Amino acid sequence: MRYSLETKHLLSRLGEHAENGARAVLLGQVPKFAAQVISMVALARLLNPEDFGIVAIVSGITLALSPLVDGGLSNSTIQSERITQDQISSLFYVNFTLGAALAILLFACAPLIAEIYNDTRLIPISYALSTIFIMNALSLQSIALLRRQMRFKEIAIVDAGSTCVSVVVAIYLASTGWSHWSLVAMLIGTTGFSALGYILLCGWFPSRPRIRTVVGHHLKLGARATVASFLARLHESASALMLGLVGNPFTVGLLNRSQTIVSIPQTQLLAPIHSVAQPTLSRLANEPERFGRAVLALIRRATLATSYFAILIFSTPDLIVQIFLGASWEAASPYLRILSLSLVLLPATAVIQTALLALGRPDALIRARAAQLALGVTALALGTFTGAYGAIAAIA
């Protein structure tokens, strides 16, 4: 167990581990990307925008609350130079307690959510998606240990496998008339299968709770990181939640599918970069020169990659909608063109935020994300007065 918690053996070949990890993660994105594209194309033709919109409202809530399950404790596990079995076990129990509390909260608030959005279908959907919090809580420390050891190949295998299986299940359910429940099953399946995979591949299991175990430093660092992550997720979720209040599930569905297409560069390029960059930059935090060069290199590469996608989507939105969603989704084209503009600045923002986290400066990250959220919500609120397109422009 001691070897699995140590990281000194990684330092002498840190660059090689990072390069191999990046390669493994990017290769792992190939089947995951294929599965996501297949699901996007198939489900858009089997379901209607309202199905996507009704699920997007509840999933927006779970997305916003999901950082509270982590509590920033997985980052603490990754970044700490030394950590013990008892400390990780204590962090695990804190994660589980937070996950269970949020699951109970969403379950209890389901009728209120349905009343706010005037749609009783949100009640059973909220009940079902509340289980995601518990599944996430059970696997957070396992994936943190995998990342701490830079075992990115195993992470990529789990990510790709869970996505592929969940997509197959969702398409089957949609084709047999389960409508929006096929989307709910895909969300739960992706989380559940990946959680099980992380736990089994990591091979770590918690010890019995020990009251005297000292984890105060980890909780303090985690609390600040949690606030920063919560603000970021709330910013991401605000569009669907606010558009649902002034619009309807149909318009939320159009927005959801447009955001999914635009997010392809983010999920396929920026997410793997973040996965590798965080532990790598954490190890370079005490070497400012190497740290700065690494950050600039990441920004250049990420911006170059996403800019190609931004130009492509902006110039051919109708064609992309036809390919990915089908003729019945032509109303999504204006949404798609406007949202493509966000890809230009997204890489630099994402890398800088990862760098601040790696430096252990969550306070600066909190201020940046609070400002981003305030500007976004204000623009979104003003944009709704000009209709759906105005709201989408504010989101971008």
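Residues numbered from 1 in each chain as written. Predicted model: local features only at pLDDT ≥ 70, side-chain atom pairs only at ≥ 80, totals over all residues. Heavy atoms only, no water.

(A) Summary view of the overall build of the protein chain. If you tally the helices and strands in the protein chain, you get 19 helices and 0 strands. Sorting the 396 residues of the protein chain into buried and exposed places 51% on the buried side. When contacts within the protein chain are restricted to residue pairs at least 6 apart in sequence, those whose partners lie at least 24 apart make up 84%. Working note: accessible area of the protein chain is about 18,200 Å², and carbon and sulfur atoms make up 66% of it. (Helix = DSSP H or I, 4+ residues; strand = E, 2+ residues; numbered from the N terminus. Buried < 20%, exposed > 50% of the residue type's maximum accessible area, 1.4 Å probe, protein only. Contact = heavy atoms within 4.5 Å. Areas by Shrake-Rupley, 256 points an atom, 1.4 Å probe, with all protein chains shown as cover.)

(B) Main features of a nonpolar patch on the surface. On the surface, L112, I116, L245 and V246 cluster together into a nonpolar patch covering about 390 Å² of accessible area. Broken down by secondary-structure element, the contributors of at least two residues to the nonpolar patch are helix 6 (85–117) and helix 11 (216–246). Structurally, the position occupied by I116 is in helix 6. (Patch = residues over 30% accessible without salt bridge, like charges linked within 9 Å, V, L, I, M, F, W, Y side chains within 5 Å. Salt bridge = Lys/Arg side-chain N within 4 Å of Asp/Glu carboxyl O.)

(C) Quick look at the nonpolar core. Judged by nonpolar contacts, the single largest core of 57 residues is most densely connected at L43, L122 and L325. At 9 residues, helix 4 (residues 49–70) tops the list of elements feeding residues into this core. Contacts of L325, omitting those with residues within four sequence positions, involve M40, A44, R45, R257, I261, I320 and A332. (Core = buried A, V, L, I, M, F, W, Y, C linked by side-chain atoms within 4.5 Å.)

(D) Quick peek at helix 4. Taking 1.5 Å of rise per residue, 22 residues should cover 32 Å, and helix 4 covers 32 Å from first to last C-alpha, within 8% of that figure. In helix 4, a bend of some 35° at A64 exceeds every other bend along the element, and P67, a proline, comes one to four places later. Counting buried residues in helix 4 gives 18 out of 22 residues, a clear majority hidden from the surface. By the N-cap criterion, in which a side-chain oxygen at the helix start approaches the backbone nitrogen of a residue two or three places on, helix 4 is capped by N48, the distance to E50 being 3.0 Å. Positive backbone phi, approximately 65°, marks G71, located one or two places after helix 4. (Expected span 1.5 Å × (residues − 1). Bend = angle between axes of the 7 residues up to and from the residue. Polar contact = N/O pair within 3.5 Å; in protein donor to acceptor, adjacent residues only side chain to side chain.)

(E) Seen up close, the side chain of S89. Relative to the helices and strands, S89 is located in helix 6. Side-chain polar atoms of S89 contact the backbone oxygen of Q85, separated by 2.9 Å. For S89, the contacting residues outside a window of four places in its chain are W204, P206 and S207.

(F) How the structure looks around the pattern of salt bridges. Under the definition given, this model contains 4 salt bridges. Residue R121 is joined to D119 by a salt bridge in which the shortest nitrogen-to-oxygen separation is 2.7 Å. Owing to a relative accessible area of 13%, D119 belongs among the buried residues under this scheme. Two residues, E154 and R151, come together in a salt bridge whose shortest N-O distance is 3.4 Å. Given a relative accessible area of 28%, R151 falls into the partly exposed group. A single salt-bridge network, built from bridges that share partners, covers E50, D119 and R121.

(G) How the structure looks around the packing of helix 7 (residues 122–129) against helix 8 (residues 131–148). One can describe the packing of helix 7 onto helix 8 by two numbers: an axis separation of 4 Å at closest approach and a directional angle of 15°. On the basis of their axis angle, the class for helix 7 and helix 8 is roughly parallel. For the pair helix 7 and helix 8, the contacting residues are Y127, A128 and L129 in the first and T131, I132 and F133 in the second. The residue makeup of the contact of helix 7 with helix 8, split by class, is 5 nonpolar, 1 polar and no charged. (Axes fitted to C-alpha atoms, helices over the stretch in contact; angles between N-to-C directions. Parallel < 35°, antiparallel > 145°, perpendicular 65-115°, else oblique. Nonpolar A, V, L, I, M, F, W, Y, C, P; charged D, E, K, R; others polar.)

(H) Focus on the packing of aromatic side chains. Across all of its chains, the model carries 4 aromatic pairs by this definition. For the pair F92 and W204, a centre-to-centre distance of 6.0 Å together with 65° between the ring planes defines the contact as edge-to-face. Here F92 is found in helix 6, whereas its partner W204 is found in the loop between helix 10 (181–202) and helix 11, with 112 residues between them in sequence. Geometrically, the ring pair formed by F107 and Y127 is stacked, given 4.1 Å between the ring centres and 25° between the ring planes. In this pair, F107 is assigned in helix 6 and Y127 in helix 7, connecting sequence segments 20 residues apart. (Phe/Tyr/Trp six-rings, centres within 6.5 Å; stacked < 30°, edge-to-face > 60°.)

(I) Broad picture of the packing of helix 4 against helix 12 (residues 249–262). Between helix 4 and helix 12, whose axes approach to 6 Å, the crossing angle comes to 85°. Classified by the interaxial angle, the pair formed by helix 4 and helix 12 is roughly perpendicular. Contacts between helix 4 and helix 12 involve P49, E50, F52, G53, I54, A56 and I57 from the first element and P249, F250, V252, G253, L254, N256 and R257 from the second. Of the residues in the contact of helix 4 with helix 12, the class split is 9 nonpolar, 3 polar and 2 charged.

(J) The arrangement of unusual backbone geometry in detail. In this structure, N118 takes a positive phi of about 55° despite not being glycine. Take N118: it is sitting in the loop between helix 6 and helix 7. With a phi close to 45°, S179 is a non-glycine residue in the positive phi region. Tracing the backbone shows S179 in the loop between helix 9 (152–175) and helix 10. Taking the relative accessible area as the measure of exposure, S179 reaches 27% and is therefore partly exposed.

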